[in-house]
Amino acid sequence: MKVKVQTLDASDKGELELNDAVFGVEPRADILHRVVTWQLHNRRGTARPTRERSDVARTGKKFGRQKGGGTARHGDRRAPVFIGGGKAHGARLRDFNSSLNKKVRQLGLKMALSSHAAAGTLIVLDDLKVAEAKTKAMPGTLSKLGFGKTALVIDGETVENGFALATRNLSHVNVLPAVGANVYDILKHDTLVLTRAAVEKLEARFHG
């Protein structure tokens with residue numbers, strides 16, 4: 001699959017051959033759903049448990065007589081009504097970290113990249129070098145390139161610093177290095193923008 005390569009000022013920089021094994025995979029909703037669900041589950045923090053009556057280290061000795069004390073008939077100090085006692089019906093430990101086969105995760109990423117390539121919402125740039133790292137001029141520059149309502153820009157090893165500074169106040173543009181490419185972020189943006197370096201990194205990620 002060949003795509004047009006542009007610069008940030010919308011100049012033509014020739015064509016780039018994309019690997020069909022990475023950008024030409026037929027998307028499957030079930031695979032994408034599994035990967036996105038796994039990714040979102042792993043973003044959740046582990047729910048911390050509270051100490052219940054059986055977890056509190058306090059004496060179990062009956063501290064008062066059964067009758068005549070003028071208070072309720074308690075058996076030990078671990079009761080929830082006492083300061084330092086166990087929590088009644090406390091939160092339980094819940095670990096949301098789930099596992100997913102590496103091949104399925106890789107296939108999901110290929111399908112996410114391929115879905116943008118098939119839909120025509122994939123833009124390939126030569127690089128992200130800007131003459132001036134100013135946010136003011138960036139919306140006009142991006143509109144010339146055909147960015148959608150939201151865009152995810154993926155660069156190579158690291159994101160070009162000037163472009164990152166110029167777009168950090170644009171709520172509809174998100175920037176990632178190639179190592180951070182993931183299914184959820186790719187699918188939730190209308191446009192996917194890759195640099196030459198990003199394409200090389202992503203293809204090497206699967207066929208390195």
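Residues numbered from 1 in each chain as written. Predicted model: local features only at pLDDT ≥ 70, side-chain atom pairs only at ≥ 80, totals over all residues. Heavy atoms only, no water.

An unreviewed UniProt entry lists the chain under the name Large ribosomal subunit protein uL4, with Sphingomonas baiyangensis as the source organism. Of the chain, the UniProt comment under Sequence similarities (unreviewed entry) reads exactly: "Belongs to the universal ribosomal protein uL4 family." Recorded in UniProt for the chain, the comment headed Subunit (unreviewed entry) runs: "Part of the 50S ribosomal subunit." (UniProt positions renumbered as here; feature names shortened; annotations may be inferred.)

Draft legend 1. The arrangement of the pairing of strand β6 (residues 191–195) in detail. With five of five residues buried, β6 lies mostly within the body of the structure. Because side chains alternate across β6, one face comprises the buried residues Thr-191, Val-193 and Thr-195, and the other comprises Leu-192 and Leu-194, equally buried. Pairing geometry for strand β3 (residues 122–125) and β6, over four bridges, is parallel. When the bridges of β6 are listed, Leu-122 appears paired with Leu-192. Pairing analysis gives four bridges linking strand β4 (residues 151–154) to β6, with the strands arranged parallel. Note that in β6 the partner of Ile-154 across the bridge is Leu-194. (Buried < 20%, exposed > 50% of the residue type's maximum accessible area, 1.4 Å probe, protein only. Helix = DSSP H or I, 4+ residues; strand = E, 2+ residues; numbered from the N terminus. Pairing = 2+ DSSP bridges.)

Draft legend 2. Looking closely at the sheet that holds β3. In space, the six strands of this open sheet follow the order β2-β1-β3-β6-β4-β5, with mixed pairing throughout. Each having just a single partner strand, β2 (12–17) and β5 (173–176) make up the two edges of the open sheet. Taken over all neighbouring pairs, the strand axes of this sheet differ in orientation by 30° on average, direction set aside. As paired elements, strand β1 (residues 2–6) and β2 share four bridges and run antiparallel to each other. Bridge pairing links Gln-6 to Asp-12 in β2. (Axes fitted to C-alpha atoms, helices over the stretch in contact; angles between N-to-C directions.)

Draft legend 3. A negative patch on the surface, seen in detail. Together, Asp-12, Glu-15, Glu-17 and Asp-20 give the surface a local cluster of negative charge. The biggest single contributor to the negative patch is β2, with three residues. Assignment of secondary structure puts Glu-15 in strand β2. (Patch = residues over 30% accessible without salt bridge, like charges linked within 9 Å, V, L, I, M, F, W, Y side chains within 5 Å. Areas by Shrake-Rupley, 256 points an atom, 1.4 Å probe, with all protein chains shown as cover. Salt bridge = Lys/Arg side-chain N within 4 Å of Asp/Glu carboxyl O. Lys, Arg positive; Asp, Glu negative; His and termini not counted. Charge placed at Lys NZ, Arg CZ, Asp CG, Glu CD.)

Draft legend 4. Spatial organisation of the packing of helix α3 (residues 102–119) against helix α7 (residues 196–207). Running from N to C, α3 and α7 point in directions that differ by 150°, and their axes come no closer than 11 Å. On the basis of the axis angle, α3 is roughly antiparallel to α7. For the pair α3 and α7, the sense of crossing is left-handed. Contacts between α3 and α7 involve Gln-106, Leu-109, Lys-110 and Leu-113 on the former and, on the latter, Leu-202, Arg-205 and Phe-206. Here the contact of α3 with α7 is composed, by residue class, of four nonpolar, one polar and two charged. (Parallel < 35°, antiparallel > 145°, perpendicular 65-115°, else oblique. Left-handed = near helix turned anticlockwise from the far one by under 90°. Contact = heavy atoms within 4.5 Å. Nonpolar A, V, L, I, M, F, W, Y, C, P; charged D, E, K, R; others polar.)

Draft legend 5. Summary view of the side chain of Asp-76. Within the secondary structure, Asp-76 sits in the loop between α2 (29–43) and α3. A relative accessible area of 10% means that Asp-76 is categorised as buried. A polar contact of 2.8 Å, which involves the side chain of Asp-76, links it to the backbone nitrogen of Arg-78. Residues contacting Asp-76, with those up to four places away along its chain left out, are Arg-53, Thr-59, Gly-60, Lys-61, Phe-63 and Phe-82. (Polar contact = N/O pair within 3.5 Å; in protein donor to acceptor, adjacent residues only side chain to side chain.)

Draft legend 6. Representation of unusual backbone geometry in the model. Even without glycine at this site, Ala-10 takes up a positive phi of about 70°. Tracing the backbone shows Ala-10 in the loop between β1 and β2. According to the relative accessible area criterion, Ala-10 is partly exposed, its value standing at 34%.

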